[in-house]
Amino acid sequence: MGGSDLSSDHVIAELIDMGFDFSVAIEAIKEVGPSLNDAVEFILNGSRRNSRGPLNGSNCSTSNENSLGKRVLSSSRSLGQMKQSRITKHLQSTGRPKRNSTCGESDALISCSDVLCRPVEDQKVSHSGMVHNLKSVSESTILPVYSPQNQEIGPDWYKKVKSLVHKHFGFSHLKSFQKEALEAWLAHQDCLVLAATGSGKSLCFQIPALLTGKVVVVISPLISLMHDQCLKLAKHGVSACFLGSGQPDSSVEHKAMNGMYGVIYVCPETVLRLIGPLQRLAENRGIALFAIDEVHCVSKWGHDFRPDYRRLSVLRENFRACNLKFLKFDIPVMGLTATATIRVRDDILKSLCMSNETKIVLTSFFRPNLRFSVKHSRTSSVSSYEKDFQELIDFYTTKKLVGKREHHAISHSSEDESDNSSGSIMSDADEMSRSVLDNSEGGYFDGNGAEVSSNYGNGSTASREKQMSVEYLEDELDVFQSVDDLDVACGEFYGHSPAENRETCGFSETSDPPIIPEERSRLLQGPLEQGPTLIYVPTRKETLRLAKYLCSFGLRAAAYNAKLPKSHLRQVHQEFHQNALEVVVATIAFGMGIDKSNVRRIIHYGWPQSLEAYYQEAGRAGRDGKLADCILYANLSRTPTLLPSQRSEEQTKLAYTMLSDCFRYGMATACCRAKTLVEYFGEDFSCKKCLLCDICVNGPPEMQNLKVEADTFMEVIAAQYGQTSYGDDSYNDAICSGTKRGRFVEKPNFRMVVSRIREQFPKYTASDQLWWRGLARILEDKGYIKDGDDMIHVSIKFPEATELGLKFLQSETEKTLHVHPEADMLLSMRNRKSNSTFSEWGRGWADPEIRRQRLQRRKCRRKTRKNKSSKLPRDLTTVRGRLGAKLSKQKR
Ligand SMILES: Nc1ncnc2c1ncn2[C@@H]1O[C@H](COP(=O)(O)OP(=O)(O)OP(=O)(O)O)[C@@H](O)[C@H]1O
Ligand SMILES: [Mg+2]
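As recorded in an unreviewed UniProt entry, the chain goes by ATP-dependent DNA helicase and comes from Tetracentron sinense.

Quick notes on the overall build of the chain
Tallying secondary structure elements over the chain gives 37 helices and 20 strands in all. Burial status across the chain gives 57% buried among its 892 residues. A sequence separation of at least 24 residues applies to 74% of the contacts in the chain between residues at least 6 apart. For the chain, the computed accessible surface area is about 38,100 Å², with 51% contributed by carbon and sulfur atoms.

Structural notes on the state of the cysteines
Applying the stated criterion across every chain, the model contains 0 disulfides. Cysteine C241 shares no disulfide, and the gap to the nearest cysteine sulfur, in C230, comes to 6.5 Å. Given the relative accessible area of 0%, C241 is considered buried.

Concerning the site of ligand 1
Around ligand 1 lies a shell of 21 residues, among which G198, K201, S202, D595 and R623 are the nearest. A distance of 2.9 Å separates a nitrogen atom of ligand 1 from a polar atom in the side chain of Q178. Taking K201, its side chain carries an N or O atom lying 2.7 Å from an oxygen atom of ligand 1. When ligand 1 sits alone it has 650 Å² of accessible area, and the protein chains cover 93% of it. By residue class, the composition of the shell around ligand 1 is 6 nonpolar, 8 polar and 7 charged. Three or more residues apiece are contributed to the shell around ligand 1 by two domains, here domain 2 (156-363) and domain 3 (371-399 + 520-636 + 668-698).

Remarks on the nonpolar core
Counting residues in hydrophobic clusters, the biggest one holds 124 residues, and the most contacted among them are I535 and L550. The element contributing the most residues to this core is helix α27 (residues 649-667), with 7 residues. Contact partners of I535, with chain neighbours within four places excluded, come to F389, L392, L546, L550, V583, V584, V585, A586, I603 and Y605. In terms of nonpolar packing, the next biggest core, distinct from the first, is built from 40 residues, L182, L211, V218 and A240 among them.

Here we look at the packing of α27 against helix α28 (residues 673-680)
Between α27 and α28, the least distance of the axes is 10 Å, while the angle of their chain directions is 160°. In terms of axis orientation, α27 runs roughly antiparallel to α28. Viewed along their axes, α27 and α28 form a crossing whose handedness is right-handed. Listed contacts from α28 to M658, D661, Y665 and G666 of α27 are R673, T676, L677 and Y680.

Overview of the packing of aromatic side chains
Scanning all chains against the criterion turns up 28 aromatic pairs. Here the aromatic rings of F713 and F750 are separated by 6.2 Å at their centres, their planes lie at 45°, and the arrangement is tilted. Here the residue F713 occupies a position in helix α30 (residues 707-720), and F750 occupies one in helix α32 (residues 750-760), the gap between them amounting to 37 residues. Each member of the pair, F713 as well as F750, is classed as buried. Seen from the ring of F576, K596 lies directly overhead, with NZ or CZ sitting 5.7 Å from the centre. Looking at R673, its charged tip hangs above the ring of Y665, at a distance of 5.3 Å from the centre.

Focus: the pattern of salt bridges
Overall, the coordinates contain 25 salt bridges when judged by the stated rule. Here D347 ties to R310 by a salt bridge, and the two come within 3.2 Å at their closest N and O atoms. Placement of the pair is D347 in helix α17 (residues 342-351) and R310 in helix α15 (residues 307-310), with a sequence separation of 37 residues. Close ionic contact of E582 with R556 constitutes a salt bridge, the shortest N to O distance being 3.3 Å. On the criterion of sequence distance, the pair formed by E582 in the loop between α25 (566-577) and β14 (583-586) and R556 in the loop between α24 (540-551) and β13 (557-560) is long-range, its members being 26 residues apart. R556 gets classed as buried once you look at its relative accessible area, which sits at 1%.

A look at the side chain of H604
Its location among the elements puts H604 in strand β15 (residues 601-605). On the basis of relative accessible area, H604 is assigned to the buried category, the value being 2%. Among the polar contacts listed, one links the side chain of H604 to the side chain of E617, at a separation of 2.8 Å. Discounting residues that sit within four places of it in the chain, H604 has contacts with Y536, Y614, E617, A618, I631, L632 and Y633.

As for α30
Look at α30: 20 Å from first C-alpha to last across 14 residues, which is about the 20 Å you get at 1.5 Å a residue. Most of α30 is tucked away, with 13 of its 14 residues classed as buried.

Side note on the pairing of β14
Here β14 shows a buried face lined by V583 and V585 and a second buried face lined by V584 and A586. With 4 bridges joining them, strand β12 (residues 533-536) and β14 adopt parallel strand pairing. When the sheet's bridge partners are listed, T533 is paired in β14 with V583. As judged from the 4 bridges shared by β13 and β14, these two strands associate in the parallel manner. Across the sheet, Y560 pairs through a bridge with A586, a residue of β14. With α25 bridging β13 and its parallel neighbour β14, the resulting β-α-β unit is right-handed.

A closer look at the pairing of strand β16 (residues 628-634)
In terms of residue burial, β16 counts as a mostly covered element, since 7 of its 7 residues are buried. Residues of β16 alternate between two faces, with A628, C630, L632 and A634 on one and D629, I631 and Y633 on the opposite face, all of them buried. As judged from the 5 bridges shared by β15 and β16, these two strands associate in the parallel manner. Paired with I603 across the two strands is I631, which belongs to β16. Viewed along the sheet, the connection from β15 through helix α26 (residues 611-618) into β16 turns out right-handed.

So, the packing of α30 against helix α33 (residues 769-781)
The interhelical angle for the contact between α30 and α33, taken along N-to-C directions, is 85°, at an axis separation of 11 Å. Classed by the angle they form, the pair α30 and α33 counts as roughly perpendicular. Between α30 and α33, the contacting residues are E709, A710, F713 and M714 on the first element and W771, W772, L775, A776 and L779 on the second.

Here we look at unusual backbone geometry
Of note, E294 is a non-glycine position whose phi angle comes to about 50°, a positive value. By the element assignment, E294 lies in the loop between β7 (287-293) and α13 (297-300). What makes E294 buried here is its relative accessible area of 7%. At C353, a residue that is not glycine, the phi angle is positive and equals roughly 50°.

Comments concerning the sheet that holds β13
Here we have 6 strands laid out as an open sheet, ordered β10-β16-β15-β12-β14-β13, and parallel in their pairing. At either margin of the open sheet sits one strand with a lone partner, and together these are β10 (370-376) and β13. On average, each strand axis in the sheet is inclined to that of its neighbour by 15°, with strand direction left out of account. Relative to β15, β12 is paired through 4 bridges, and the arrangement is parallel. Residue pairing in the sheet places I535 in a bridge with I603 of β15. Lying over the sheet, α24 contacts β12, β13, β14 and β15, oriented at roughly 175° with respect to β13. The strands that α25 touches are β12, β13 and β14; relative to β13, the one it contacts most, it runs at about 135°.

Criteria and cut-off values
Residue positions are given per chain, counting from 1 as you read along its sequence in written order. Each chain is given a letter, starting from A, and each ligand a number, starting from 1, according to the order in which they appear as written. The predicted origin of the model limits local features to residues at a pLDDT of at least 70 and limits the giving and counting of side-chain atom pairs to 80 or more, whereas totals for whole chains, interfaces and linings rest on all residues. As a rule here, side-chain values come from all non-hydrogen atoms in the structure, and water together with hydrogens is ignored. The numbering of helices and of strands both runs from the N terminus, where a helix is a DSSP run of H or I of at least 4 residues and a strand a run of E of at least 2. The rule is simple: take the accessible area with a 1.4 Å probe, protein chains only, and divide by the maximum for that residue type; under 20% is buried, over 50% is exposed, in between is partly exposed. Any pair of residues with heavy atoms lying within 4.5 Å of one another is described as a contacting pair. Exposure was quantified through the Shrake-Rupley algorithm and a 1.4 Å probe, taking into account, for residues, occlusion by the shown protein chains and nothing else. Cysteine sulfur pairs qualify as disulfides if the two atoms are within 2.5 Å. Any residue with a heavy atom positioned within 4 Å of a molecule or strand is treated as near that molecule or strand. Polar contacts, as counted here, are pairs of nitrogen or oxygen atoms within 3.5 Å of one another; within protein the pair requires one atom able to donate a hydrogen and one able to accept it, and residues that are adjacent in sequence qualify only if both atoms are side-chain atoms. For this scheme, ten residues count as nonpolar: Ala, Val, Leu, Ile, Met, Phe, Trp, Tyr, Cys and Pro. Four count as charged, namely Asp, Glu, Lys and Arg, and the remainder, Gly too, count as polar. Annotation comment: domain bounds sourced from an automatic or database domain assignment. The criterion is simple. A nonpolar core is a set of buried Ala, Val, Leu, Ile, Met, Phe, Trp, Tyr and Cys residues joined through side-chain atoms within 4.5 Å. Fitted lines through C-alpha atoms serve as axes, helices being fitted only where they are in contact, and the angles separating the N-to-C directions of these axes extend from 0 to 180 degrees. Under this scheme an angle from 65 to 115 degrees is roughly perpendicular, one under 35 degrees roughly parallel, and one over 145 degrees roughly antiparallel; angles in between are oblique. Two helices crossing with the near one rotated counterclockwise from the far one by less than a right angle form a left-handed crossing, whereas a clockwise rotation gives a right-handed crossing. Each aromatic pair joins two rings of Phe, Tyr and Trp (for Trp, the six-membered one) with centres within 6.5 Å, and gets the label stacked for planes under 30 degrees apart, edge-to-face for over 60, and tilted for any other angle. The rule is short: NZ of Lys or CZ of Arg within 6 Å of the ring centre and within 35 degrees of the ring normal puts a charge over the ring. A pairing counts as a salt bridge when a side-chain nitrogen of Lys or Arg comes within 4 Å of a carboxyl oxygen of Asp or Glu. To estimate the expected span of a helix, subtract one from its residue number and multiply by 1.5 Å. Strand pairing is defined by DSSP finding a minimum of two bridges between the two strands. Whether a crossover is right-handed depends on one test, that the path from the first strand over the helix to the second runs clockwise when the strands point away from the viewer.

See below:
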């Protein structure tokens, strides 16, 4: 084979990887020789001028006498590694007219779509409902998904899949759950895939597109997630686009409905609008599968938040073989999630009207390399930042001191998901600040913590300044990015050669790694490797505040919340993937599905709203299988509250239940964190312990016998509810002495109960509410008390004894209550060392000596304050100042 043949082959391969049809590529090479630039130009111009309609298969012809004369790209200006995804940009930069929404108009890009659109006539629907090729294609020229040359799916399908997966993604095997999901799809079954975060669920719906050449429609809740996945697919040689109201280029939708992309990501709102066009697409190119990613959204956020997710049952109804005569089988629906409780799963199956034969593919939710821990922090105050983030700051700043080489290492660490042409990787904070200045919109801060001023500081950007200021941002629960929130890019992604993008993954290629606790524990001990940190905070305001704080120590940090300018969000995304950012401080708007392999820490700074959200967000960590930290900083002395959101009554109840589960997770001291989490999702955690979490490592606190305290608590509430029919009257009188009978006509709340205990039992006079709250929770979990109203509270509000509780109180046999004190009890005991025994609780205000000393101290303090204030000049500009001045004048 001569040299020119070799380079022709190379160019043909490049063109095919870019997504052009084999025959189109051959034709182009015949016309213009082995030049990639010229071939691309020829194809684009040729098709534009080609009035014979779309090019395809054996019928295709690209010969066009004008094409060579129309070359715009100089053959000396090499495209080199230019990727198909960049062709659009390239063409725009050469001054070509912008895309038009009508397929077939004289526009270079539309021409491109002409080339790529698949003619219906060339496809034939087989008995199996699969589109078969009219032309056989060799394995070595596996075509991008929009090729008409579909491959037969026969008994050797798995071999084909392995080959495709290897070619496109570099994996040598499918994981067992992926194989199971594919088997279900091949059998035209609906399927619900429940597998851990980062386990590779996306592949389950991407393979059908590769295997059949039909389209896979993926319903996804977040535009950032759609964008992420489209980019990844493009890197791996699969064409994809996303659709939605945020899609700025209306022609993309048109092209997608004409079958130009193999994978179409679409938000639920849009898919409901597109039922008609999708039916036509199913009839023409064919739809292999409807995949509903993050399918827990159907239930978790329900009507209130993503009502359209619930309406996705239309997919099942509208794509049945009995309704569409061109279909032999119903188009399968595949739902995928990593965070669905058993209740949610049932809800998904029902809400989506999935068939009775739906296959449930279930794997462990356990992530063996995640190290969970909970720490107490007041969180909402800036003063707590210093305490809580010192270690993080040290981690990144010490690293910087090591020198420039170290910086380089961040930029070029194992995972560089950036696109070469998307900008150079910045290696330090200064460079980042510079790039922000260039970017004109921000939310970044310079190395000294000052907001990059040129973005906001001048008059022309005053409104933006207002928009960006901390005060302006709503201090409320962030919402998901709907498509309107973020138009990331035009949303078209053409595949390019995956060969250079081989990635290895820490996960086993066939199934989850067998867990040998000792081995794993040994492997996962030691310091964390380098990698970025994601900090989740509950409010938008705090994203800015904390990012600014971290930047003031020289960290490369950025805020991310749905209300920040889109260009900023885009930049954060990009730089996060490029390893140019060390820390992203985000609300829930950043997270679901984001796949970056080397995230080393997920910090939740404040109570999450549910364990689902917590586990989902924590799942962004350690996707390379290496040790990663998931730390929850929460104020253990406060009961978390629901962040504002529109909820129905039913949803409010559910939201409180979920918040309460989350609270209990934080309070637990005796059960392995990973076990709590996976069991929350209904899994029987066979390992018993993860050996990594704070509880496994530190061990539970010593057990205490709290029978006496429990009895006291129960007695007081039983007496208040008149439930003290047990025991003799003198006992009841003792309980109620000091108060008038019948005083508690209303339900006594928890505070009242604790006050009563303090009043009636001198040894508990100085006892701490926090401690009793912990005990009440333990009693509630044992079923001894319950909430006396119909509402759901995060922490018991109106404690009422249950039958079981009364029995426990009367029981002669149950003389002990050995329990591990919970986190709030430990906190309370830490503050008052002797609380555990109660021996000194009585020595509070009730103790005359202590009372005398305290009053004395208070008096001294008042005196000092008075002296101080009399020395200060009165501020006559304030009401208080004027009043003070007046009073002191009167005194004199
Ligand atoms: N068969 C496989 N062998 C090796 N690695 C794989 C395989 N399948 C997927 N992966 C890797 O797993 C990583 C995570 O994949 P993916 O984003 O699909 O996870 P996910 O299950 O959707 O997670 P999440 O629930 O967080 O969205 C990918 O980066 C991919 O490289
Ligand atoms: Mg996913």
